[in-house]
Amino acid sequence: MSRYRIMGKGRVDHSAPVSFTFDGKTYKGLRGDTVASALLANGVHLMGRSFKYHRPRGAVTAGSEEPNALIGTSRGAGRFEPNTRATVQELRAGLVTESQNKWPNLSFDLGAINDRAYMLFSAGFYYKTFMWPKSFWDKVYEPVIRGAAGLGKSPTEPDPDRYASRYLHTDVLVVGAGPAGIAAALAAAQSGADVTLVDENPEMGGSLLSDPAVQIDGKPAWDWVEAQLGRLRAAGVRLMTRTTAIGYYHQNMVGLCQRLTDHLDNPPKGAPRERMWRVRAGQVVLAQGALEKPLVFDGNDRPGVMLAGAAQTYLHKFGVRVGDNPAVVTSHDSAWYAAFDLADHGARIAAIIDTRDAVRPDLLEAARKRGIKVLASHTVTTTTGRSRVKSVRAALVRGDTVGAGHDIACDCLLMSGGWTPSLHLFSHTKGSLAWDGQTFLPDRKTEDCEIAGAGRGLWGYQPVLADGAAAGLRALAGLGRAGHDACFTVGNDRPGTGVTHTELPTDGNAGKARAFIDFQNDVTAKDIRLAVREGMRSIEHVKRYTTNGMATDQGKMSNINGLMIAADALGKAPPQVGLTTFRPPYTPTSFGAFCGYLRGETFQLTRKTPIDPWAEANGAVFEPVAQWRRAWYFPKPGEDMHAAVLRECKATRASLGIFDASTLGKIEVAGPDAVEFMNRIYTNPWTKLAPGRCRYGLLLGEDGFIRDDGVIGRLSPDLFHVTTTTGGAARVLTMMEDYLQTEWPDLDVWLTSTTEQWATVALNGPNALTMLKPLVQGVDWDDFPHMSCGECTVAGLPARLFRLSFTGEIGFEVNVPARHGLALWTALMEAGKPYDICPYGTETMHVLRAEKGYIIVGQDTDGTVTPADAGLDWAVCKAKKDFVGKRSLSRPDIVAKGRKQLVGLLTEDGSLLQEGAQIVLDPDQPKPMRMVGHVTSSYQSTMGHPIAMAVIEGGFDKMGETVFVPMPDGVRKARITSTVFYDPEGLRLKA
Amino acid sequence: MLLIHCPYCEDTLPELEFTYAGEAHIARPADPSALSDEEWRDYLFIRTNARGPHYERWRHVGCGRFFNALRDTVSDRFLMTYKAGLPRPPLPQETVE
Amino acid sequence: MTRFSAFSLLKQALNGHKGWREQWPDSQPKAEYDVVIVGAGGHGLGAAYYLAKEHGITNVAVIDKGWLGGGNTGRNTTIIRSNYLYDESAKLYDHALDLWDNLSQELNYNVMYSKRGVMMLAHNTHDVQSFQRHVHSNRLNGVDNRWLTKEEAKAFCPPLNISPDARYPVVGAALQMRAGTARHDAVAWGYARAAAARGVDIIQNCAVNAIRRGPDGAVIGVDTAKGFIRARKVAVSAAGNTSVVMDSAGLRMPLESFPLQALVSEPVKPIFPCVVMSNTVHAYISQSDKGELVIGSGTDQYTSYSQRGGLPLIEHTVAAICEVFPIFTRMRMLRKWGGIVDVTPDRSAILGKAPVEGLYVNCGWGTGGFKATPGAAHLLAYTVAKDEPHPLNAPFTLERFSTGRLIDEAAAAAVAH
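Keep in mind the model is a prediction, meaning the values are calculated, not measured.

1. Focus on the nonpolar core
Counting residues in hydrophobic clusters, the biggest one holds 167 residues, and the most contacted among them are A:Tyr314 and C:Trp100. If you tally residues by element for this core, the top one is helix α7 (residues 184-197) of chain C, at nine residues. Once you skip the residues sitting within four places of it in the chain, C:Trp100 turns out to touch C:Ile80, C:Val111, C:Tyr113, C:Ala182, C:Val187, C:Phe370, C:Lys371, C:Thr373 and C:Pro374. Grouped together as the second largest cluster of nonpolar side chains are 45 residues, A:Phe591, C:Val170, C:Leu175 and C:Ile285 included.

2. A few points about the packing of helix α18 (residues 641-654) of chain A against helix α23 (residues 842-851) of chain A
Residue and element names in this part refer to chain A. The N-to-C vectors of α18 and α23 enclose an angle of 55 degrees; their axes lie 9 Å apart at closest approach. Considering the angle they form, α18 stands oblique to α23. Like other packed secondary-structure pairs, α18 and α23 cross with a definite hand, here right-handed. Of the residues in α23, those touching α18 at Met 641, Val 645, Glu 648, Cys 649, Thr 652 and Arg 653 are Glu 843, Thr 844, Val 847, Leu 848 and Glu 851.

3. A word on the packing of helix α13 (residues 539-546) of chain A against α7(C)
To describe two helices that pack against each other, one gives the angle between their axes and the distance between the axes. At a minimum axis separation of 11 Å, α13(A) and α7(C) run at an interaxial angle of 115 degrees. The hand of the α13(A)/α7(C) crossing is left-handed. Seen from α13(A), the contacting residues are A:His541, A:Arg544 and A:Tyr545; seen from α7(C), they are C:His184, C:Asp185 and C:Trp189. Of the residues assigned to the contact of α13(A) with α7(C), the class counts are two nonpolar, two polar and two charged.

4. Some points on the pairing of strand β36 (residues 665-670) of chain A
Residue and element names in this part refer to chain A. Among the six residues in β36, six count as buried, and that is most of the element. The alternating pattern of β36 places Gly 665, Ile 667 and Val 669 on one face and Lys 666, Glu 668 and Ala 670 on the opposite face, and all of these are buried. Looking at chain direction, β36 and strand β39 (residues 719-724) are connected through six bridges and run antiparallel. Bridge pairing links Ile 667 to Val 722 in β39. Strand direction decides the pairing type here: β36 and strand β40 (residues 750-753), joined by four bridges, are antiparallel. Looking at β40, one finds that Val 669 is bridged to Leu 751.

5. A few points about the sheet that holds strand β21 (residues 378-384) of chain A
Residues and elements named next belong to chain A. Taken in spatial order, the three strands make up an open sheet running β21-β22-β23, and their pairing is antiparallel. A strand with exactly one partner marks an edge of an open sheet, and here the two such strands are β21 and β23 (401-409). Strand-to-strand, the axes of this sheet are offset by a mean angle of 25 degrees, without reference to chain direction. Inspection of the sheet shows strand β22 (residues 391-398) paired to β23 by seven bridges, in the antiparallel sense. The residue of β23 that forms the bridge with Val 392 is Ile 408.

6. What to know about the sheet that holds strand β29 (residues 490-491) of chain A
Residues and elements named next belong to chain A. With antiparallel pairing, three strands are arranged side by side in an open sheet as β11-β10-β29. Strands at the two margins of the open sheet, each flanked by one partner only, are β11 (219-220) and β29. In the sheet, strand β10 (residues 215-216) pairs with β11 via two bridges, with the strands oriented antiparallel. Looking at the pairing, Ile 216 lines up with Lys 219 of β11.

7. Re unusual backbone geometry
With an omega of 5 degrees, the peptide bond running from A:Trp103 to A:Pro104 counts as cis. Looking at where A:Pro104 falls in the secondary structure, it is placed in the loop between β7 (95-98) and α2 (113-116). Unlike most non-glycine residues, A:Asn492 shows phi in positive territory, near 55 degrees. Along the polypeptide, A:Asn492 turns up in the loop between β29 and β30 (516-518). The phi torsion at C:Met112 lies on the positive side, around 55 degrees, for a residue other than glycine. Topologically, C:Met112 is positioned in the loop between α4 (103-107) and β4 (118-122).

8. A look at the pairing of strand β14 (residues 283-287) of chain C
All names here are of chain C. Burial of β14 is extensive: five of the five residues sit out of reach of the surface. Both faces of β14 are covered, namely the face carrying Ala 283, Ile 285 and Gln 287 and the face carrying Tyr 284 and Ser 286. Across three bridges, strand β13 (residues 275-278) lies against β14 in antiparallel orientation. Looking at the pairing, Val 276 lines up with Ile 285 of β14. Relative to strand β15 (residues 293-299), β14 is paired through four bridges, and the arrangement is antiparallel. Within β15, the position partnered with Tyr 284 by the bridge is Gly 296. The turn linking β14 back onto β15 is made up of five residues, and Gly 291 within it adopts a positive phi angle of 110 degrees.

9. Re the UniProt feature "domain: Rhodanese" (unreviewed entry) in chain C
Using the residue numbers shown here, the UniProt feature "domain: Rhodanese" (unreviewed entry) corresponds to residues 35-79 of chain C. Between the C-alpha atoms that bound residues 35-79 of chain C the distance is 30 Å, and the span itself is 31% helix and 20% strand.

10. Structural notes on the interface of chain A and chain C
The partner chain C presents 116 residues to the 127 residues of chain A that form the contact. Both sides of the chain A and chain C interface together cover about 10600 Å² of buried area, and 55% of this is carbon and sulfur. Inspection of the region where chain A meets chain C yields 11 salt bridges. Close ionic contact of A:Glu142 with C:Arg116 constitutes a salt bridge, the shortest N to O distance being 2.8 Å. If you look at where chain A meets chain C, you find 64 residue pairs in polar contact (both at pLDDT 80 or more). In terms of residue count, the dominant contributor to the side of chain A that touches chain C is helix α4 (residues 136-148) of chain A (seven residues). Note: strand β32 (residues 589-590) of chain A against strand β16 (residues 332-343) of chain C, two bridges, orientation antiparallel. Bridge pairing in β16(C) links A:Ser590 to C:Arg332.

What counts and what doesn't
Numbering of residues starts from 1 in each chain and follows the order in which that chain's sequence is written. Ligands are numbered from 1 and chains lettered from A, in the order in which they are written. Reporting of local features is limited, given that this is a predicted model, to residues whose pLDDT is at least 70; pairs of side-chain atoms are given and counted only at 80 or more, and all residues count toward the totals for whole chains, interfaces and linings. Values shown for side chains rest on all heavy atoms present in the structure; no hydrogens or waters enter the calculation. Side-chain atoms within 4.5 Å link the members of a nonpolar core, which is a set of buried Ala, Val, Leu, Ile, Met, Phe, Trp, Tyr and Cys residues. With a 1.4 Å probe rolled over the protein chains alone, any residue whose accessible area is under 20% of its type maximum counts as buried; one over 50% counts as exposed, and the rest are partly exposed. In this description a helix means any DSSP run of H or I spanning at least four residues, a strand means any run of E spanning at least two, and both kinds are numbered starting from the N terminus. Contacts: residue pairs with any heavy atoms within 4.5 Å of one another. Here, axes are lines fitted to C-alpha atoms. For helices the fit covers the stretch in contact, and angles between N-to-C directions go from 0 to 180 degrees. Comment on the angle field: the value is read as roughly parallel under 35 degrees, roughly antiparallel over 145, roughly perpendicular from 65 to 115, and oblique elsewhere. With the far helix as reference, a near helix turned anticlockwise by less than a right angle produces a left-handed crossing, and one turned clockwise produces a right-handed crossing. Residues are grouped as follows: Ala, Val, Leu, Ile, Met, Phe, Trp, Tyr, Cys and Pro are nonpolar; Asp, Glu, Lys and Arg are charged; every other residue, Gly included, is polar. Pairing between strands requires that DSSP locate at least two bridges from one strand to the other. UniProt positions are given in the numbering used here, feature names are shortened, and annotations may be inferred rather than shown by experiment. Accessible area that two parts lose when put together, with a 1.4 Å probe and added across both, is what the buried area reports. In what follows, salt bridge is the name for a side-chain nitrogen of Lys or Arg lying within 4 Å of a carboxyl oxygen of Asp or Glu. In protein, a polar contact means a hydrogen-donor-capable atom and an acceptor-capable atom, both N or O and within 3.5 Å, with residues adjacent in sequence counting only if both atoms are side-chain atoms; elsewhere, any N or O pair within 3.5 Å suffices.

And the structure:
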């Protein structure tokens, strides 16, 4: 048994030792310990180094607000995390931990040289220097600063663990399972409401777990807690431990992070490490208690100096005496109880130093009975001890005069500067706070929530229990339910009050005092005063200039002390200075918990076509297009992309190619007014398009720029089969719905997305018709020319057949219900064998369309291109009075000369241009060059030379002219041509 | 995450089921060609961007319907939602600052 | 103004830092100024500084409803770059970059401009086409930007996952080496201190309730929480609140204000050497000098002035970061916050004269205002002083929304196919 452990004491399991390592050394703790309690039981107070001065530090708290005792924790490959609070991490078998921010080791850290030069590192020092010589910032100063900063080391391997997330709807969510929270949950649960009670600790009970002598309704505190938790369970209340309410979002949505495996010796295989709950609560009760404040005095940061309440927790919860000879300094009654409890468990209290002159007589009497020396009206002016506090100097204060100090030997120093209500979650809601002379209390609410207990500044179990019950009833009332009042009798209650201080008075040089406010970030009282002296009047400026409150405890330890001192320096009352905003999360929360299931394949689902399995089985290389994966090309053994694409192109032009076009967006526009709707939405005329025929459709935004395009078939007078680009399908449907529902509700039209309903297979090539004919039934081939469509069967499957071409060859698109997609593809592959049918991917599709000058919206257009710019004026029906985007086409800059127009480009030296390359008229001009356009598409073609498309200022009037493409390795010359490189007369379509 | 009431489904659902669709009560002009460039710009681009109660449009992805809402852009709280095509309701008095 | 230097720091260290003076005084408004600037962010304070320094106009007030630098200046992820596509944008942001380069020395205030490089990830063919277009355009404009293979990208930023099995595999990247980050608060404070030293009044916690116009329509001053202040020239540089301020002068703006969220992790030792942006998965990341991973997301979908933002977007942003950098899932989020960004229809700023005599506007920077700070400030000062735009900001007019001459950086990156 380690020296500081009290036999049989606490909620730890004395029969279950657990081994762990800290900085390579093995220690023994008990089941139920945290790393901090186990180290303290072994007499280890030195657990870390501070951020700036690398000062030795120990645990100052026993909870999640810990600023000092941060460690690296690991469990094998990929399972390392920095900055874990030793005061929260539960012991588990084989836990490996390490201290941080030190070199070469924790007890001797070279970085502590900063501490010697502390006068240089005043608040904001880096804004004032490191500016000369200028080049030193990037190369010398910043790397040094960056290397010195940071705490732990980042993980370096991918995380093998899983994370989960869930939604929860509950009538009442109670945050914090201390006495107020338990009372609130009891009250809320009595009416049959669905109640959820959460607590960040492994056990419920809150402060009662550190106060076992308290009696409630005649029961010892721990028995009472157990009984009430039993009642709550019986009432069906959801009890969640190790669950932190991290953020309070709009309309009573609270995020909860539940830690599931970090405390387990052997987590079940595949079990999620953490789970994020998104809780929507009818009413929220915040019963998060209060956080104890440190006192601010020189040397208040040495290992062994800790909050009195923390010492009480280590004693009662963990059976650990934090020292044999503690001194106590306090401005609040609560620390007296800690002293008494420690004295009653074998510690020799060196002294209780109270800053107040009038201390309650019963406390004095209790101290006297225990033989404890009491120094009222005293301040603490300094401490000694490097890796652990050795002595504290106390001095009498009379008015403004600090008397001579005397040193009191001790092996730890317990401090209490009073308590701050924990209102972080309340602040997330933008609820306002009011100053009561001592601290901030909740004021105006913006959400349906109640605050209970110490969070409202109440002290003592009797009022806190009553307040919790009342809050639970108010929450019920908010739900329109009623319940009975509860009444609690509390014995051995420990009421208390205190006063709030700035830094404690000292007889020493205040300018040299190292009185810490933000322990982790090494912000001292004089830093705050310096910031104010330098004109930082807003508390936000003070925070940002000094970094006070920006450490990993997010100001839980430091905000109020910082505010008190800033207000004092400004000569203002604290509420006039204000508080910085609390932001989620309440405590640092792993990225993995936020990710939940959004990782790897489920980060964002990949859409696959019905034909995708065939492509995969046949060696396709895929490319991502919007949310889809599409077959890019089908390489044969030994082929690179270029060779495969050229083969696919040639096979298609020579005989027959087959392409999975299922990703095309498809929308059915149906109804008596369908044609009118189409006339208003698309630029083209639709009235005279006969059923059974198709037309290229062009869609603009209301700003006149091209948004989408696709071939549209009229299947019957009141039914259009619209196709869109792959990425544009959802956008186009939303746009259509928007106009239909809100601008033209008088039109009798229905819109249906059918993208996923149809599998689409494109057949192209001179043999397409020959091959397809025998498979088709129900088409009159004498009346099915290019740009026709109709319903029929193909290979025995019900189909919508389109005769159209995106390649310049005879082409068809066969749509069959998605479930038949693979069967259709297989049947066509089989039937195509005599024609050497060649499956091709998106790259070949791009080459073939580019040879014909067909544009790809989003590649050859970019959201700033009008139909005229793209050479698509022919698709705009001038006779229509109106259509979406028409008015914008007559704006001054849209009709101005010199707009960029889509043309073809052929390089003089036969080289391939790079897509995105910029075009100039004068290659010899100095930079910045005047650019007249850029290459939008560029491919090796089937014609033996590369082809390109480009947008060029005034391009239509520059046919045959030469332009220049300056590349890093030299200037290319290119001739402006038509965009139609292949079969300009379109003879092949008629063959 | 906001809670939004769809006036068509008559159900209050989380924001994830909705998409925002910009300011409400900006009707497309009956005859755009009659508008000056400035008037057309006003229709296309000028927005109230109110700080406080804001008339706006949302679409419920579930039912596919566009509807209107009055939402306070300072608190993000919805004051009401109503069907597309209904006239602009007056501002509730207590929210006018 | 006490000059800042290693020497003055040492000297002050020896006397307990007693000698530092306030960096800017707590000014109360005078009855009249030559120029009133609404909004004490980096842009507004910087404009005041350049008005005083370069145009000799020192009778200037910068007025803010809150604390200086408390808007988007103090809430952004501090990314600085100029590799924009269109000539107009690239030149404007590169002008800012030139000023950034010397800003610490110019202001005698270390703004910690760190040229660590900004890398933009390409995840698919469309990204490659778009980024190559940027790279070539930037090269011919004399703007630093180059293409990296995915292996080169990994070498430049070792935490990057370049596995082809990723949901959004990295296929390459565009790198602007001259780009980087700066300490956002220091920019506001440095400009405030330098402007105050030249006589500018900085008036905090004083809301401007209305811009007042005379019978001839010209600006005559502003109504504020501390009374009416006369001024013949008023420049509005109020970011998310621009619509509200301009509305008081009778002008309706092509702007919408959206929440933009950002977050930091707990601090760790240096692990992330540069800035990485991925527009496809919508996430941006760098590591601050303090050691925190600084992560930005896209805007929430609805307009808002709440500076709050929702959880789903943050979940997506963190997931996106962990998808590209899988070593970070066990890092912890320390703090998440929101700002309000004002967005124009073409995602480019408006910087110039408003159609009211004596009124100038600088707004619409969307998610990219911080990087422009010195440039926008410098050009706003020029425009106010000369009553005409500088050639660099001449294209960024309000009029472009009626003529159709948009500078549509967002559309140029539009994803379709």
